[in-house]
Every structure is written in structure tokens, then in C-alpha cells.
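Listed below, chain by chain, are the residues.
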Amino acid sequence: MKEAMLIQLPCNETHLAWLREAAVDRCRLLFPGEPGALAEATCVFGEPTLEEIAAMPRLRWIQMSWAGADRYTAAPDFPRNIQVCCATGAYGGVIAEYLFGAILALYRHLPTYVRQMDSGLWRPRFPGRGIEGKTVLILGAGDIGTAFAKRLRPFGARVLGVRRTAGACPPEYDEMHTLDHLPTLLPRADIVSCSLPNTAETRGLLDEAALRSMKPDALLLNVGRGTLLNPDVLAKVLASGHLSGAALDVCEPEPLPPGHPLWAMDNVLLTPHIAGIGFGNVPETADKIVRLCCRNLRRLLDGEPLESRVDFATGYRETPKKG
């Protein structure tokens, strides 16, 4: 059976040339709107809806451009015979930059100054803070968390990591722990950065008790999934004066409803799920994703295991087997 890949993403001419080179004469490239594209597709480069997948009887592989795969892992009726590969590995650098921007913005009151500009106000806000000497707790020590940890080193921060499974501490971290140690780790952190996927284990993980166990002046960042915490609870904790602020690129629901208290808080930075920026907006990131797709297409055609395949039992990328 000849493979047929449906390209749903806005690939440029260079990307298409790479894909054609990987496909050679063994895989036909299809594009949205072509007659019979859904019926013929055996693979998709993009994020097809569940309705589109139901109309693809030959589909056996999806190469996503997103790092998180909960669109599919959280769907109980998703066909388990379809392999899903995420884009883990492509977003670490750009999301780490967002995290630094969020910390510096809140530590130096930049959102407040932007609001003051609207009224022509010249009013300094003190105190300001810096990253040097701070303890940063990273929940989700995968590609994104580790890219952030690596970049924290020159700033003089102490970095603690949390991941799903135990193992040796990577050189980017001072300490590495598992989620069951969270109650003792949260009170130690000046900054808590979250890059966890949406799984049964992580949903609601940062409840009110967890948030109040953090230092009163701690800063919370979330670039993983909004299901990690309830925004109403976070607003309540912040309104009580606990925590110095929060930066949320994700929330549940997205967007927050009009009038939600978090919209009006000076110490909160809300962004519309753009920390990783969508495919095609950062050339370097898009290039990484297309190259991953090309490698996986060659692997599929050669009958080899695919990179960054999602494990539906955990919601995470599969751990490569050793040996």
C-alpha cells in the first residue's frame, strides 16, 4: 500500500522540498481541499480533528506540530491503532525565552508600567527583584523544563526539577525529584515553573492547599496545560495577598470568561497560549518540526520505530527502549 500524507500545516517551499525528498516515490503528498484527500490519507502532518480522523479509514500515523497530545490522549474513542508523534524537542528554546520574559516582566513590574502609559503616569514601583540567588522549581523536567533549566544557570539560580520517573539528576539541575515529593518542594521555591501535560496525574495538582504551601512571595508560571490548577482558586489565593504573582499562558477554560478577577490583577500576566508560538511563526521552530516529520516519514517507509511517539497510557512521549 503506497503511503499518502495529508499536509495540514502552512509549510513554505523549503519545507515542502524537504518533505518531497523524504517521500521520494513511496509517499504521495496531499493537501486540504483535494478531492478524496481524507479518504486516501494514511498519515497526517498537523492536528486533524476527531471528525476528520473518523473520515480517514486508512490513517495510521499523525505527526503533530504541538508538544502536547491531550487532544487525542484525552479522547476515549481515539483509535489506538493510529500512532501519534508529538513535536517534543522543538519548543524548548522558544518557551524558555517566554518564561524568562514573564519572570522579568513581573519581577520588574512591566505590566503595571504598560498600564500606566495609557494614563501618562510616571510612577516607580518598588521593590524590584532579580533571578540571581533564587530557587526555581520546574514541574515537568522534559524538553521544555530542561531548556529552561539550562538557561537559568548563567543567572545564578538554584534549579530543582520534578519528573514522572526517578533517575539520575541531569547536569542542568541541582536536584531531581518525582511528583510525590511536591509537598516538601513547593515551600522551598521562589519561582515555580510548570510545563506538565494534561494527564490524570496532573489535573488539579496545584490545588488551594498546594498554592498556599508556596512561599508568600513566590511566583507561579504555567506553560503546560490549564487543567493543572483552577483559575478561581488562584485568583482567591492572589487576592488574599499570598504569592507575588502569576504568569499563565494556559488556563482552563481558554480564554477565561470576561470579568474573571485574573484579568484585572496587576501581578498577573495572561497570554493566549503563545509561549510556544504556532507553527510557521518562528522559522527555527518550524524547521525543527518539519525535519522531525521528515525523519519519521522515512522511518515509517522503512518500517522503523517512530521518534517522539506518544504513550497513551501515560500521556507522555514514549521513553526509548535501551539496548
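Being a predicted model, the structure only gives us computed values, none of them experimental.

Asks: I tried to follow the overall build of the protein chain on my own but got confused; where do I start?
Replies: Counting its regular elements, the protein chain contains eleven helices and twelve strands. For 323 residues, the compact-globule formula gives about 20 Å, and the C-alpha radius of gyration of the protein chain, at 21 Å, lands near that figure. Counting only C-alpha atoms, the protein chain reaches 65 × 50 × 35 Å along its principal axes. Taking all 323 residues of the protein chain together, the buried fraction comes to 50%.

Asks: What exactly am I supposed to notice about the layout of surface pockets here?
Replies: Here the idea is plain: a probe the size of a water molecule rolls over the atoms and shows the empty space left. Within this model, the largest pocket holds a volume of roughly 1,200 Å³. Around the largest pocket, the lining is made up of 45 residues, and of these Ala67, Gly68, Thr88, Ile144 and Ser195 lie nearest the centre. Of all elements in the fold, only helix H4 (70–73), helix H7 (143–152) and strand E7 (158–163) reach the threshold of two or more residues within the lining of the largest pocket. Of the residues belonging to the lining of the largest pocket, the class tally is 21 nonpolar, 15 polar and nine charged.

Asks: What am I meant to see in the packing of helix H1 (residues 13–23) against helix H11 (residues 283–302) here?
Replies: Viewed as axis vectors pointing N to C, H1 and H11 meet at an angle of 10 degrees, and their least axial separation amounts to 9 Å. The orientation of H1 relative to H11 falls into the category roughly parallel. Between H1 and H11 lies a crossing whose hand is right-handed. Contacts between H1 and H11 involve His15, Trp18, Leu19, Glu21, Ala22 and Ala23 from the first element and Ala286, Asp287, Val290, Arg291, Cys293, Cys294, Leu297, Arg298 and Leu301 from the second.

Asks: What is the right way to look at the environment of Asn222 in this model?
Replies: Its location among the elements puts Asn222 in strand E10 (residues 219–222). A C-alpha to C-alpha distance of 9.4 Å links Asn222 and Leu139, two positions 83 residues apart in sequence. Setting aside anything within four residues of it in sequence, one finds Asn222 in contact with Cys194, Leu228, Ala247, Leu248, Asp249 and Val250. A polar contact is formed between the side chain of Asn222 and the backbone nitrogen of Gly224, at a distance of 3.1 Å. At a separation of 3.1 Å, a polar atom in the side chain of Asn222 contacts the main-chain carbonyl oxygen of Arg225.

Asks: Can you help me understand helix H6 (residues 110–118) in this one?
Replies: Side chains of residues three or four places apart in an α-helix project in the same direction, reflecting 3.6 residues per turn. Taken as a whole, H6 has its buried residues at Pro111, Thr112 and Gln116. Looking straight down H6, one finds that the buried residues subtend no more than 140 degrees of arc, so they occupy a single side. In H6, the exposed positions that point more than 90 degrees away from the buried face belong to Met117 and Asp118. Count one or two residues on from H6 and you reach Gly120, which has phi positive near 70 degrees.

Asks: Can you help me understand the packing of aromatic side chains in this one?
Replies: Note on aromatic pairs: each is described by the distance of the centres and the angle between the planes. Counting across every chain of the model gives five aromatic pairs. Geometrically, the ring pair formed by Tyr72 and Phe78 is tilted, given 5.1 Å between the ring centres and 40 degrees between the ring planes. Summarising the burial analysis for this pair, Tyr72 and Phe78 share the class buried. The interplanar angle of 75 degrees and the centroid separation of 5.2 Å between the aromatic rings of Phe100 and Phe148 together place this pair among those described as edge-to-face.

Asks: Can you walk me through the environment of Arg298 in this structure?
Replies: Structurally, Arg298 can be placed in helix H11. The contact partners of Arg298, leaving out residues within four places of it in the chain, are Glu21 and Ala22.

Asks: Just to check I follow, could you spell out the nonpolar core for this structure?
Replies: General note: in soluble globular proteins, nonpolar side chains tend to be found buried as a group. One finds Met5, Leu19, Phe45, Trp61, Phe148 and Leu152 to be the most contacted residues of the largest nonpolar core, which totals 58 residues. For Phe148, the residues in contact, after removing those within four places along its chain, are Ala96, Leu99, Phe100, Ile103, Val136, Ile138 and Ser193. With 33 residues, the next largest nonpolar core counts Leu186, Leu248, Cys251 and Val268 among its residues.

Asks: How should the pattern of salt bridges be read in this particular structure?
Replies: When their charged atoms lie close together, side chains carrying opposite charge are able to pair. Enumeration according to the criterion identifies 18 salt bridges in this entry. Among the ionic pairs, Asp217 bridges to Arg129, the shortest N-O distance being 3.7 Å. In this pair, Asp217 sits in the loop between helix H9 (208–213) and E10 while Arg129 sits in the loop between H6 and strand E6 (135–139), placing the two residues 88 residues apart along the sequence. Taking relative accessible area as the criterion, Asp217 reaches 39% and is therefore assigned partly exposed. Arg299 serves as the salt-bridge partner of Glu307, at 3.8 Å between the closest nitrogen and oxygen. We classify Arg299 as partly exposed; its relative accessible area is 27%. Via salt bridges that share partners, Arg153, Arg158, Asp174, Glu175 and Arg188 belong to a single interconnected network.

Conventions adopted
- Residues numbered from 1 in each chain as written.
- Predicted model: local features only at pLDDT ≥ 70, side-chain atom pairs only at ≥ 80, totals over all residues.
- Heavy atoms only, no water.
- Helix = DSSP H or I, 4+ residues; strand = E, 2+ residues; numbered from the N terminus.
- Rg over C-alpha atoms; globule rule 2.2 N^0.38 Å.
- Buried < 20%, exposed > 50% of the residue type's maximum accessible area, 1.4 Å probe, protein only.
- 1 Å grid on protein atoms, 1.4 Å probe; cavity = no way out; pocket = protein on both sides within 12 Å on 5 of 7 lines; lining within 4 Å.
- Points joined across faces, edges and corners; volume = space filled by probe spheres on them.
- Nonpolar A, V, L, I, M, F, W, Y, C, P; charged D, E, K, R; others polar.
- Axes fitted to C-alpha atoms, helices over the stretch in contact; angles between N-to-C directions.
- Parallel < 35°, antiparallel > 145°, perpendicular 65-115°, else oblique.
- Left-handed = near helix turned anticlockwise from the far one by under 90°.
- Contact = heavy atoms within 4.5 Å.
- Polar contact = N/O pair within 3.5 Å; in protein donor to acceptor, adjacent residues only side chain to side chain.
- Arc of directions from axis to C-beta.
- Phe/Tyr/Trp six-rings, centres within 6.5 Å; stacked < 30°, edge-to-face > 60°.
- Core = buried A, V, L, I, M, F, W, Y, C linked by side-chain atoms within 4.5 Å.
- Salt bridge = Lys/Arg side-chain N within 4 Å of Asp/Glu carboxyl O.

All we've got here are geometric facts, nothing functional implied.
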